[in-house]
Each structure stands twice: as structure tokens, then as C-alpha cells.
Amino acid sequence: MNPLVASEAHAGALLTVLSVNLNKVALLRNSRHLGIPSVTRMATLALEAGAQGITVHPRPDERHIRSHDVTDLDALLKAWPHIDYNIEGNPFHNLMDVIRAVRPHQATFVPDSVGQFTSDHGWTFPDDAERLAPLIAQCHELGVRVSLFMDPIPEMMRAAREVGADRIELYTEAYASAWGTPQQTAVLARYTAAAEAALAVGLGINAGHDLNRDNLTDFLAAVPGVQEVSIGHALTADALELGFPATIRAYLACIQRAHARQG
Ligand SMILES: CC(=O)[C@@H](O)[C@H](O)COP(=O)(O)O
Ligand SMILES: NCC(=O)COP(=O)(O)O
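This structure is a prediction, so every number in the text was calculated from the model and none was measured. (Residues numbered from 1 in each chain as written. Chains lettered and ligands numbered in written order. Predicted model: local features only at pLDDT ≥ 70, side-chain atom pairs only at ≥ 80, totals over all residues. Heavy atoms only, no water.)

(A) Representation of the overall build of the chain. Check the secondary structure of the chain and you find 11 helices and eight strands. Compactness check: the chain gives a C-alpha radius of gyration of 17 Å against a globular reference of 18 Å for 263 residues, within 12% of the reference. Counting every position in the chain, which comprises 263 residues, the buried fraction comes to 55%. Long-range pairs, those at least 24 residues apart, make up 67% of the contacts in the chain between residues at least 6 apart in sequence. (Helix = DSSP H or I, 4+ residues; strand = E, 2+ residues; numbered from the N terminus. Rg over C-alpha atoms; globule rule 2.2 N^0.38 Å. Buried < 20%, exposed > 50% of the residue type's maximum accessible area, 1.4 Å probe, protein only. Contact = heavy atoms within 4.5 Å.)

Listed below in C-alpha cells is the structure:
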């Protein structure tokens, strides 16, 4: 375990970080050769409005985030030293080259195939342990925290910790699909159990995928110890309606309401 990274489960008082995923800003930008909307401009607006993190997922096909976006954001964030830079991807594809080049605060390992429509599953243990361990160690040697994208399966959390992960990111699509239906409570209980299992072995907890202004507060009020939510698709859609600064403030308010409910 990287001595630079203490047990993430005890990282002090918790205020869940809002990490804005800029994938969909880049997707719209790429549909013309005009450079708008600007990824770095939207990042600046998000940070000025109070977001505490930036997330990008530079997929191998560069459908949205491109390699220059990663370095442009790295340059921008030099002026924002306390902002967490989170870069997602498959470490067996292009992610490790990006991590070595940029050394972000966090690398989130996601087991996506190259042409996958979107992220839709987490790592599997013990199957993935042996091949993941050396890449996690390489990130730690670079001073980069590692989060593993995981389905909410409590039985897999010990193995995730033993392979060297600092955090896991709970894949929240199943919760988002169940929100507002009779299945919401039962599905949320699965996430709570997975989070408790992760905390019990010293893992920090992130969460993301299909979180939005409607479902975010209920999730954070129920699931213990969530240090970071990374949100992009719904947030970008909301920004088309509300504007980026107001949207960021709305998501921060959702987080505040959840913490108020937790007491
Ligand atoms: C890992 C995850 O759930 C998302 O962060 C991912 O970045 C979504 O990718 P797309 O934005 O390409 O759908
Ligand atoms: N890790 C989740 C993320 O970064 C954004 O997911 P989404 O909000 O675009 O579904």
C-alpha cells in the first residue's frame, strides 16, 4: 500500500466532493471544428461555482475527451491546487500512458472495451486481481490514488483492497434506474451494504454513473462514507437548461441536503 495514501476510509470529516465529468462538453465540441463549447472554459465555470473536482474519461476512440483536453486541464488545474483531478479509463488500453504523462490526483480504473457505448460494469474479483495489482502499484509509485470502478457487491470489497486499491467507485446505474420505483429501497440497501463492506476493509468510496439532481440526495443520505461523486451526463443536460454555474450550485445543494439529512 502506498504510504502516501493513508487508509482512505478514515480521511477525516466527510463532505462529498462534486467532481464534474466533462466528457459530454467535449462530445458537443467535437461535432464542429469551432472549439466550442470549450472544455477548459466549462471547467473554470464549474470550479468558480464551487465544484471541488474535475473528471475526464479519455477513451481510446477519442469520441469526446481528447489527449489535448487532458493536458489542457492539467495546465488549468495548476492554478487550482486543491482541486482533485480524476482520470478514468481502462488501464490495459491507453490509461497508463495518460497517468504517466499527467500524474493526476486519482486514476479510476474502468473495465470498458474500446468501442463500448458507455461504462456498464465493474471489475470482477478474484479474476482481475493478478493483472490489476502491478498497474495499481505503478500508479502508487507515481503518487496517484487508485479507485476501482465496482458493482455494489459487498463480497468483492476485501479483494479490491487486497489488490491495492485506495478507493472503489460504486457504479450507480442500477440505483439510478430504480430511483422513484418500488425497487428503490431494496436497490439502495445493496449500495449501503457494499459501502459498509468497503469501509470495513479501509477503502474510500466514490460513486458515479447516471446520478442527477433528482436521485443524488437520496443516494448520499443513505450510503455511508461517499467521498466523491463524479457526474457528467445529466449535469451537462441540466446546464443546457440552467447554465453551468447555476447547475453546479444546484448539485452542490443536493449534496448539502444529503449531509443535512444524515445529521
Ligand atoms: C465510468 C463512468 O461511469 C463514467 O465516468 C464514464 O466516463 C461514462 O463514459 P461516457 O461519458 O463515455 O458515457
Ligand atoms: N464516474 C462517473 C462519471 O464520471 C460520470 O458519469 P455520468 O454522470 O456521465 O453518468
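Back to the text.
(B) Inspection of the UniProt feature "binding site: 3-amino-2-oxopropyl phosphate" (unreviewed entry) in the chain at higher detail. The residues that UniProt annotates with the feature "binding site: 3-amino-2-oxopropyl phosphate" (unreviewed entry) are Asn 21, Arg 32, Asp 210, Gly 232 and His 233. Judged by maximum C-alpha separation, these annotated positions cover 213 residues in sequence and are scattered in space, the widest gap reaching 26.1 Å. Looking at the secondary structure, you find Asn 21 in strand S1 (residues 17–21). Aside from chain neighbours lying at most four places away, what touches Asn 21 is Thr 55, Glu 88, Ile 231, Gly 232 and Thr 236. (UniProt positions renumbered as here; feature names shortened; annotations may be inferred.)

(C) Examining the site of ligand 1 more closely. All residues in the neighbourhood of ligand 1 are listed as Asn 21, Asn 23, Lys 24, His 57, Arg 59, His 64, Glu 88, Val 110, Thr 118, Ser 119, Phe 149 and His 209. At a separation of 3.1 Å, an oxygen atom of ligand 1 approaches a polar side-chain atom of Lys 24. Between an oxygen atom of ligand 1 and a side-chain N or O atom of Thr 118, the distance comes to 2.5 Å. Here the shell around ligand 1 is composed, by residue class, of two nonpolar, seven polar and three charged. (Near = heavy atom within 4 Å. Polar contact = N/O pair within 3.5 Å; in protein donor to acceptor, adjacent residues only side chain to side chain. Nonpolar A, V, L, I, M, F, W, Y, C, P; charged D, E, K, R; others polar.)

(D) Main features of the UniProt feature "binding site: 1-deoxy-D-xylulose 5-phosphate" (unreviewed entry) in the chain. With numbering aligned to this structure, UniProt lists the feature "binding site: 1-deoxy-D-xylulose 5-phosphate" (unreviewed entry) at Arg 59, His 64 and Thr 118. Taken together, the annotated residues stretch across 60 residues yet fold into one region, lying no more than 11.8 Å apart by C-alpha. Exposure remark for His 64: the relative accessible area of 4% places this residue in the buried category. By secondary structure assignment, the location of Thr 118 is in the loop between strand S4 (106–109) and helix H5 (129–141). If we skip the residues at most four places from it in the chain, Thr 118 touches Arg 59, Asp 112 and His 209.

(E) Main features of the pairing of S4. Neither face of S4 is exposed, since Gln 106 and Thr 108 on one face and Ala 107 and Phe 109 on the opposite face are all buried. When strand S3 (residues 84–89) meets S4, the two strands line up parallel, connected through four bridges. Bridge pairing in S4 places Ile 87 opposite Ala 107. Once you follow S3 into helix H4 (residues 95–102) and on to S4, the crossover reads as right-handed. Where S4 and strand S5 (residues 145–150) come together, four bridges link them in parallel fashion. Each residue of the ladder has a partner; that of Thr 108, found in S5, is Ser 147. At this point the chain moves from S4, through H5, to the parallel S5, and the crossover so formed is right-handed. (Pairing = 2+ DSSP bridges. Right-handed = clockwise from strand over helix to strand, strands pointing away.)

(F) Examining the site of ligand 2 more closely. Around ligand 2, the structure places Asn 21, Thr 55, Glu 88, Glu 169, Gly 208, His 209, Asp 210, Ser 230, Ile 231, Gly 232 and His 233. One of the side-chain nitrogen or oxygen atoms of Asn 21 is found 2.8 Å away from an oxygen atom of ligand 2. For ligand 2, the protein covers 92% of the area, taking 300 Å² as the surface of the free molecule. A class-by-class count of the residues in the shell around ligand 2 yields one nonpolar, seven polar and three charged. (Areas by Shrake-Rupley, 256 points an atom, 1.4 Å probe, with all protein chains shown as cover.)

(G) Spotlight on the pairing of S1. A large share of S1 lies buried, amounting to four of its five residues. Of the strand pairs in this sheet, S1 and strand S8 (residues 226–231) are connected by four bridges, and their pairing is parallel. Directly across from Ser 19, in S8, lies its bridge partner Ser 230.

(H) Main features of the sheet that holds strand S6 (residues 167–171). The eight strands lie next to each other as S1-S2-S3-S4-S5-S6-S7-S8, forming a closed barrel whose pairing is parallel. Strand after strand, the sheet turns through a mean of 25° between neighbouring axes, direction not considered. Bridging between S1 and strand S2 (residues 53–56) involves three bridges; their strand directions are parallel. Note that in S2 the partner of Asn 21 across the bridge is Thr 55. Strands S1 and S8 of the sheet are contacted by helix H11 (residues 244–262), whose axis makes an angle of about 145° with S1. (Axes fitted to C-alpha atoms, helices over the stretch in contact; angles between N-to-C directions.)

(I) Representation of helix H8 (residues 184–200) within the structure. Its 17 residues give H8 an end-to-end C-alpha distance of 24 Å, which sits within 8% of 24 Å, the value for a rise of 1.5 Å per residue. When we look at burial in H8, the residues that qualify are Gln 184, Val 187, Leu 188, Tyr 191, Thr 192, Ala 194, Ala 195, Ala 197 and Ala 198. Residues of H8 that are buried in the fold lie against helix H6 (157–162), S6, helix H7 (173–178), strand S7 (204–208) and helix H9 (216–222). Following H8 by one or two positions, Gly 202 adopts a phi angle in the positive range, close to 90°. (Expected span 1.5 Å × (residues − 1).)

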